[in-house]
Amino acid sequence: MDGLISRLAELPPESTQQAVGYPSVFLLVTLGALVPVVPTGAVVSSAAVVAFHQTSPLSMVYVFLVAAFSAFLGDVALYWLGKRGVGSKNGSRWLAALRRHAPPDRLEQAQLKLREHGVTVLVLSRLVPAGRIPVMLACLLADWPLRRFARGDVPACLAWAVTYQLIGVLGGSLFAEPWEGVLAAVVLTVVLSGAPALWHRVRRPDRPGGPDRTGGPDRSDGTDGPDGSGPGRKGRRDAAGRKRAEGPRSPEGQET
């Protein structure tokens, strides 16, 4: 059993790794840029772990160049497809897909930051988990030309490739076996990608008109009192106002 595990853990020769690995990284990262469900960061980190254990000194450089170029190509292609949808009366399925991956609150925040800081926000959006699509949609709605978006996306993709490659180097340096480093890099990138979304859900405020934080009934309309059996403060204020408007009454029930 141990012999089988050790054989499965062995990597093919470096020439085979390079012949298969670089095209795989290119295709997966490009696809992940177009369809934002592929964990492209984990792909780059895993490739960096394998390159870290290779003897060729240029392996890390090749991973960086392939990752950055494929991310840039996918971003530009997705922006071009979204640009066609913005210019069309009926939109497009690519623009609709971008809207589905950009919650209204994040889109509003991205539009505000984009107006204040411009291209800098585009660069940082690649480094923030789930930040790329809202900023890209904000650029589309702001009617950025493709050339302007591409100029800002170049440093964004370079910074993104360096960041996830460093995660792979960290995993490769901590473990002697490449597969252990790949596993550590994948787990770390998944945690970094999912933690902000989970925190956003936990910190999401209660819906308007819903129950209060103590779990008691909603008394915003003034219909329920503290025990849920009578009018609340607002209802009592309204009743007092009507009584003052009617004026004082005589003992016989007539106004004086």
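Residues numbered from 1 in each chain as written. Predicted model: local features only at pLDDT ≥ 70, side-chain atom pairs only at ≥ 80, totals over all residues. Heavy atoms only, no water.

**As for the overall build of the protein chain**
Phase 1 of the analysis: Regarding its fold elements, the protein chain presents 11 helices and 0 strands.
Phase 2 of the analysis: Scanning the protein chain from its N terminus toward the C terminus, one meets helices and strands in the order α-α-α-α-α-α-α-α-α-α-α.
Phase 3 of the analysis: Within the protein chain, buried positions represent 32% of all 256 residues.
Phase 4 of the analysis: Considering only residue pairs separated by 6 or more positions, the protein chain has 70% of its internal contacts joining residues 24 or more positions apart.
Phase 5 of the analysis: Accessible area of the protein chain: about 16100 Å², with a carbon and sulfur share of 62%. (Helix = DSSP H or I, 4+ residues; strand = E, 2+ residues; numbered from the N terminus. Buried < 20%, exposed > 50% of the residue type's maximum accessible area, 1.4 Å probe, protein only. Contact = heavy atoms within 4.5 Å. Areas by Shrake-Rupley, 256 points an atom, 1.4 Å probe, with all protein chains shown as cover.)

**So, the environment of Leu 188**
Phase 1 of the analysis: Tracing the backbone shows Leu 188 in helix H10 (residues 178–202).
Phase 2 of the analysis: Judged by its relative accessible area of 34%, Leu 188 is partly exposed.
Phase 3 of the analysis: As a C-alpha pair, Leu 188 and Ser 45 span 143 residues in sequence and 9.4 Å in three-dimensional space.
Phase 4 of the analysis: Sequence-distant contacts of Leu 188, that is, excluding residues within four places in its chain, are made with Ile 167 and Leu 170.

**Concerning the packing of aromatic side chains**
Phase 1 of the analysis: According to the stated counting rule, one finds 4 aromatic pairs in the structure shown.
Phase 2 of the analysis: For the pair Tyr 22 and Tyr 62, a centre-to-centre distance of 5.8 Å together with 80° between the ring planes defines the contact as edge-to-face. You can see Tyr 22 sitting in helix H2 (residues 14–34) and its partner Tyr 62 sitting in helix H4 (residues 59–87), a full 40 residues away along the chain.
Phase 3 of the analysis: The partly exposed category is assigned to Tyr 62, whose relative accessible area is 37%.
Phase 4 of the analysis: Between Phe 26 and Phe 69, the ring centres sit 6.2 Å apart and the planes meet at 15°, which makes this aromatic pair stacked. Within this pair, whereas Phe 26 is found in helix H2, its partner Phe 69 is found in helix H4, the two being separated by 43 residues in sequence.
Phase 5 of the analysis: For Phe 26, a relative accessible area of 28% translates into the label partly exposed.
Phase 6 of the analysis: With relative accessibility at 48%, the residue Phe 69 sits in the partly exposed group. (Phe/Tyr/Trp six-rings, centres within 6.5 Å; stacked < 30°, edge-to-face > 60°.)

**A closer look at the nonpolar core**
Phase 1 of the analysis: In this structure, Tyr 79, Leu 98, Leu 137 and Cys 139 are the most contacted members of the largest nonpolar core, which totals 19 residues.
Phase 2 of the analysis: For this core, the element with the most residues is helix H8 (residues 132–141), which contributes 7 residues.
Phase 3 of the analysis: Ignoring sequence-local partners within four residues, the contact set of Leu 98 consists of Leu 78, Gly 82, Ile 133, Met 136, Leu 137 and Leu 140.
Phase 4 of the analysis: Membership of the second largest hydrophobic core comes to 17 residues, among which are Val 25, Val 43, Val 44 and Ala 68. (Core = buried A, V, L, I, M, F, W, Y, C linked by side-chain atoms within 4.5 Å.)

**Concerning a nonpolar patch on the surface**
Phase 1 of the analysis: On the surface, a cluster of nonpolar side chains totalling about 340 Å² of accessible area is made up of Leu 58, Val 61, Tyr 62 and Leu 65.
Phase 2 of the analysis: Tracing the backbone shows Val 61 in helix H4.
Phase 3 of the analysis: Among the residues examined, Val 61 registers a relative accessible area of 37% and is labelled partly exposed. (Patch = residues over 30% accessible without salt bridge, like charges linked within 9 Å, V, L, I, M, F, W, Y side chains within 5 Å. Salt bridge = Lys/Arg side-chain N within 4 Å of Asp/Glu carboxyl O.)

Take it as geometry only, folks, not as evidence of what the structure does.
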